[in-house]
Amino acid sequence: MDCIDLNGKWNVELSDGSKWTALFPGTLDGNSIGYKDTYHAKLHQDENYIENESLSKESLIATRFTRKYTYEGEAFFSRIFKESFPEGKRLFIDAERARSLRLFIDGCEIEKIRGTLSTPYCFEVTDFLHKGSEIKFISDNSYKGMPHDDILYSSAATDETQTNWNGITGYLRLRIEEKDFVEGINVYTDKYRKARVKVYINSQTGYDGSICIKSSAFKNEININVRILKGRTEIEIRDIELIEDIKVWDEYKGNLYNAEVRLKSYDDDPAVSGIFGVRYFGDDGQGHFQLNGRRIFLRSEANCAVYPEKGHPDTEVEAWEQIIKTYKAYGVNLLRFHSHCPPDAAFTAADKLGMLMQPELSNWNPKNAFGSDESRNYYEKELLEIINVYGNHPSFVMLTFGNELQADESGMSYMHELLEQCHELDDTRLYAIGSNAFYGEKGCDSASDFYTSMRYKGLDLRATFDGMKGYLNNEYPSAVKNYDNTMNALRKEYSKPVFSFEVGQYEVLPDFDEIQDFKGVTVPDNYKLIQDKVINKGMSDSWKRRVEATGELSLLCYREEVEAALRTEDFSGISLLGLQDFPGQGTALVGMLNSHLKSKPYSFASPERFSSFFTQVLPLIYLEKYTYINTEKLKAVVKLANYSDKDITGSLNYSLLYKTDDECGLGKKSDEECSLPSKSDDEECAGFFKKWDLQKDTCALKGKLTDIGTIEIDLEFIKHNSRLDIEVSFSGYKNTYPIWVYDEKSLEKAELSSVYETRVIDDKAKEILENGGKVYFSPDMKTDFFSKSVKSTFSTDFWSVGTFATQEGSMGLLIDKEHPVFKDFPTEFHTNYQWWIMAGQRAFILPEGAKSIVTVLDSYAYMRNMGLLCEFKCLNGKLLVSGMNLSHYQKYPECRALQASIYRYMESEEFNPEEKIGLEYFNVDKKISR
């Protein structure tokens, strides 16, 4: 095969008659061709997505990145072919990535051999192309005769992420072949370590001869005689024996081999080669995924095709190697390509780096998938071409027909026919009708090889949903939650692998430093609008701290999601959404990585912190709660989730680490020597920690969740209210959990001799304030509501209020941790589990500029100034205001501790507010307001 690049200048004509010159490969956007980008479409075709329409009424686009240039319709690309080529050869024009593409040579349309949005286009131009011929493409990104809406809502073409670009990317070439030639070779291996080879031969007149196939992975060279007719022929050779010491392709192990095939009649031509890996991926027969005979737990990330600089996926292997290395650093072992399929370079890089891949069809139809002839015709072609074109890649392990598809009986029947074709064509991969099909409401599809969803018939498979539903915001926190009940119900009808879908979606406030990175085809006007709002509201000085507080909370929530999945014995994995910010759908900044796939410049976003729990092997402490009194004994089972490739033997060690700045939980200053005697021979204390070793070996089998021991800690030696960490270690694998221990004596309710505590601003409160006294205003926010208040939540908001406008939009807490009110209540500056009760109450909407001791952070969409605990000068006195309903939750030690700490603070000389506010601001109203 020889090639002539068709790169360079092309003439461009748009449907309005305007004419341009462009460099291809490339896009119209990249060549500064097109119109002004305006907001003109719904975020999604499903009426269940309730959009915040106010966000799209700005003069600038507030819900996604803005394209510098946009164009939808037919575009004509032409040039004169001036090169020479040998006589008697066959000629093909290849375009690696395009939209709907047609080719004309000297005005004559050339029949397409193959090509879809997800696979390369190929046209044979033998006998048509000559030196001096006009080559003309018609590139159409309005998708006439195709499932237009399904494509435009998919990640393959949506302006919410990669853009609905028009152009040609990747290679653009004239390929020169012999009359008979090998198109390609695919090698498949099975669990018996035998290979099956498919060779594709294209002959102009028919071929009668022999072919030779060799590989260092094969025991023997293969020579066979073939007689084929004109056209494209597939030859399959089965049961090829592999060498004894074959190296398997595995998770993070990119062991690859090369297979070569040659037509003996063309010995002078270079062999056609194909890179492959020896691996078996499938169902282990017990409802779990297996890779090379061992059970594997998927740690998946949804890639939504976010490419803010180019506006389309990279087609260079080196670029994809960097992308995949970034994901690997965070612990990802499988990339799910949300409603799109990446270019060949992505699979090639994944092969080298041992990353599993799950492409999807360019299909997002939550109404009537496969309900039209144009949908069926197009997606069947795209599906079969994906399987054939990328079939040599060991990284390609599974595929679904699209995102959140719903279909009627006819559509379902057609999808089942497609599944049969997939299994017949290539049984080395697994297939399913969709990711989160029917939103899980109809349960599992028996014909699909796996089930991935957010629910099973109303039973949850993740911790949080739109509307802030789910256990994370509605059940008192622990480290024991799992989905065993869901799986027990599911297993009554389905026995194949199951993993969760689009888990997480915890939003983080935007980091404006990324704005300077935009130098390509998109502009972050949505970020700039938020930044202007921040400046206008006087939040600039505290903004980075606000970002950090939301990020720390988001990380905490992602960790709970991951560990709950690992605690579910019958689970086969978890798929996140996501590690990378999603710039559209109202601006859903849910990632540790920004839209440029760079780690955000904060500790919470470091790959080391995320991969510490998103990993193959992890000890799990089953804590019933996170807060304790020092009269209690902490007792918890510890299990090891082991999804490595080996059994692990060891003994359980655990330590108690003190986290307070000045004093350990024993009441000892940091520069003093701790003199606490050991309680037993297997227990030791060294200044700032206590350590235990169970000295009992346990074997944790690979692919299992194994009980490795029980920790027991008598907490009576903790003399001060303390934030501590329990660290568990097993054969070098570690995990750490925070706990809060409160001294029972510190929880005793202090007498308020100089403070008036009230649920309402009554005449007495007013009189005390007028006379220079102190008032603790702690209204019953469960029954009496203020028009200037908002229901807050523990976690940050779900995805974005731009997509799910019914949620309140609170984003966690920003806490003035150095404030003297917290002298007896250890806290970080951000939300943690000891704040779960308080964070779920109601926040006061305060005047602009007013400061709070505990601020409730707000979504970028509203930017309200909200406080949960505030203090003010009021009239002639001092007022402390709480929306935390602490009096209702005195059975919880953290609430008692905070209430006691507030009492002590208000009775002290340190209670000296600086802010001023009018008493009328806190008038009671029965109305609940957003």
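Being a predicted model, the structure only gives us computed values, none of them experimental.

Draft legend 1. Structural detail: the sheet that holds strand β21 (residues 281-283). Across the sheet, three strands lie side by side as β21-β22-β23; this open sheet has antiparallel pairing. The outermost strands of the open sheet, each flanked by one partner alone, are β21 and β23 (294-295). Pairing of β21 with strand β22 (residues 289-291) involves three bridges; the strand directions are antiparallel. The residue bridging D283 from the neighbouring strand is F289, located in β22.

Draft legend 2. Quick peek at the layout of surface pockets. If you add up the space inside the largest pocket, you get close to 1,400 Å³. Surrounding the largest pocket, 46 residues form its lining, R173, E183, G184, V272 and S273 being those nearest its centre.

Draft legend 3. Inspection of the pairing of strand β11 (residues 121-124) at higher detail. For strand β7 (residues 90-98) and β11, the ladder comprises four bridges, and the chain directions are antiparallel. Paired with D94 across the two strands is C122, which belongs to β11. Sheet topology places strand β10 (residues 112-114) next to β11; two bridges connect them, and they run antiparallel. Residue R114 lies in a different strand from β11, and its bridge partner there is C122. Here β10 folds back onto β11 in antiparallel fashion, the turn holding six residues, of which G115 has a positive phi close to 145°.

Draft legend 4. Structural context of empty space enclosed by the protein. Considering all chains together, one arrives at seven cavities of 30 Å³ or more under this definition. Empty space within the largest cavity amounts to approximately 90 Å³. The wall of the largest cavity is formed by 13 residues, among which R97, R99, L117, A156 and Q162 lie closest to the centre. Grouping the constituent residues of the lining of the largest cavity by class yields six nonpolar, four polar and three charged. Put simply, the second largest cavity is a space of about 70 Å³. Lining the second largest cavity, in full, are V187, Y188, T189, F276, G277, R279, G391, N392, H393, P394, T428 and R429. Across the lining of the second largest cavity, the residue classes break down as four nonpolar, six polar and two charged.

Draft legend 5. Spatial organisation of the sheet that holds strand β8 (residues 100-105). Here we have six strands laid out as an open sheet, ordered β3-β2-β6-β12-β8-β9, and antiparallel in their pairing. The open sheet has two free edges, formed respectively by β3 (19-24) and β9 (108-110), since each of these has just one partner strand. Across the sheet, the mean angle from the axis of one strand to that of its neighbour is 30°, orientation sign disregarded. The sheet contact formed by strand β2 (residues 8-14) and β3 spans six bridges and is antiparallel. When the sheet's bridge partners are listed, G8 is paired in β3 with F24.

Draft legend 6. Up close: the nonpolar core. Residues F401 and L623 are the most contacted members of the largest nonpolar core, which totals 196 residues. For this core, the element with the highest residue contribution is helix α9 (residues 543-566), accounting for twelve residues. Beyond its immediate stretch of four places on either side in the chain, F401 contacts L361, N363, F370, L383, M415, L418, L419, C422, A432, I433 and G434. Listed in part, the 31 residues of the second largest apolar core include L28, A98, I105 and I168.

Draft legend 7. Quick peek at the confidence of the model for the protein. This prediction gives the protein a mean pLDDT of 93; 93% of its residues lie at or above 70. Here residues 53-57 is modelled with pLDDT under 50, and outside its nearest four sequence neighbours on either side it reaches seven contacts, counting other chains as well.

Draft legend 8. Structural context of helix α3 (residues 344-353). The buried fraction of α3 amounts to seven of the ten residues, a majority that puts the element mostly inside the structure. Among all positions of α3, only A345, A346, F347, A349, A350, D351 and L353 are buried. Taken together, the buried residues of α3 touch α2 (317-329) and β26 (356-358). Once α3 ends, the next one or two residues include G354, with phi positive near 70°.

Draft legend 9. Structural view of the environment of D816. Looking at where D816 falls in the secondary structure, it is placed in the loop between β47 (810-815) and α12 (836-839). For the pair D816 and V854, spaced 38 residues apart in sequence, the C-alpha to C-alpha distance is 6.4 Å. With residues near it in sequence (within four places) discarded, D816 still touches F822 and I853.

Draft legend 10. How the structure looks around the packing of aromatic side chains. Summed over all chains, the structure comprises 52 aromatic pairs. For the pair F370 and F401, a centre-to-centre distance of 6.3 Å together with 70° between the ring planes defines the contact as edge-to-face. Of the two residues, F370 sits in the loop between β26 and α4 (373-389) while F401 sits in the loop between β27 (398-400) and α5 (409-425), which places them 31 residues apart along the sequence. A relative accessible area of 0% means that F370 is categorised as buried. Residues F610 and F614 carry aromatic rings whose centres are separated by 5.5 Å and whose planes lie at 80° to one another, so their mutual orientation is edge-to-face. Take F610 and F614: they sit in the same class, and that class is buried. Three or more aromatic residues link up through ring pairs in this structure, and these residues are Y330, Y506, Y558, F610, F613 and F614. A cation sits over an aromatic face here: R455 above F465, 4.0 Å from the ring centre.

Draft legend 11. How the structure looks around the pattern of salt bridges. Counted under the stated rule, the structure contains 56 salt bridges. For R90, the salt bridge identified is with E124, shortest N-O distance 3.0 Å. Within this pair, whereas R90 is found in strand β7, its partner E124 is found in strand β11, the two being separated by 34 residues in sequence. What makes E124 partly exposed here is its relative accessible area of 23%. Salt-bridge contacts for K544 lead to D513; the nearest nitrogen and oxygen are separated by 2.7 Å. Remark: D513 occurs in the loop between β32 (498-504) and β33 (522-523) and K544 occurs in helix α9; sequence separation between them is 31 residues. Each member of the salt-bridge network shares a partner with another, and the members are D94, R173, R175 and E177.

Draft legend 12. Structural view of α2. With 13 residues, α2 should cover 18 Å at 1.5 Å per step; its first-to-last C-alpha distance of 18 Å lies within 8% of that length. Within α2, the full set of buried residues consists of W320, E321, I323, I324, T326 and Y327. Contacts made by the buried residues of α2 are with β24 (298-303), β25 (334-337) and α3. Looking one or two residues beyond α2, the residue adopting positive phi is G331, at roughly 100°.

Draft legend 13. Representation of unusual backbone geometry within the structure. At the junction of F24 and P25, the peptide bond is cis and its omega measures out at 5° in the coordinates. Tracing the chain through its elements places P25 in the loop between β3 and β4 (26-27). Backbone torsion omega between L577 and G578 reads -15°, so that peptide bond is classified as cis. Relative to the elements of secondary structure, G578 occurs in the loop between β34 (573-577) and α10 (607-611). We note that D239 has phi near 55°; this positive angle belongs to a residue other than glycine.

Draft legend 14. Up close: the environment of G287. As for its placement among the helices and strands, G287 is situated in the loop between β21 and β22. C-alpha of G287 to C-alpha of R491: the two residues are 204 residues apart in sequence and 9.0 Å apart in space. Discounting chain neighbours no more than four positions away, the residues touching G287 are R491, S495, K496, P497, V498, D570 and S572.

The rules behind the values
Residues numbered from 1 in each chain as written. Predicted model: local features only at pLDDT ≥ 70, side-chain atom pairs only at ≥ 80, totals over all residues. Heavy atoms only, no water. Pairing = 2+ DSSP bridges. Helix = DSSP H or I, 4+ residues; strand = E, 2+ residues; numbered from the N terminus. 1 Å grid on protein atoms, 1.4 Å probe; cavity = no way out; pocket = protein on both sides within 12 Å on 5 of 7 lines; lining within 4 Å. Points joined across faces, edges and corners; volume = space filled by probe spheres on them. Nonpolar A, V, L, I, M, F, W, Y, C, P; charged D, E, K, R; others polar. Axes fitted to C-alpha atoms, helices over the stretch in contact; angles between N-to-C directions. Core = buried A, V, L, I, M, F, W, Y, C linked by side-chain atoms within 4.5 Å. Buried < 20%, exposed > 50% of the residue type's maximum accessible area, 1.4 Å probe, protein only. Contact = heavy atoms within 4.5 Å. pLDDT = per-residue confidence, 0-100. Phe/Tyr/Trp six-rings, centres within 6.5 Å; stacked < 30°, edge-to-face > 60°. Lys NZ or Arg CZ within 6 Å of the ring centre and 35° of its normal. Salt bridge = Lys/Arg side-chain N within 4 Å of Asp/Glu carboxyl O. Expected span 1.5 Å × (residues − 1).

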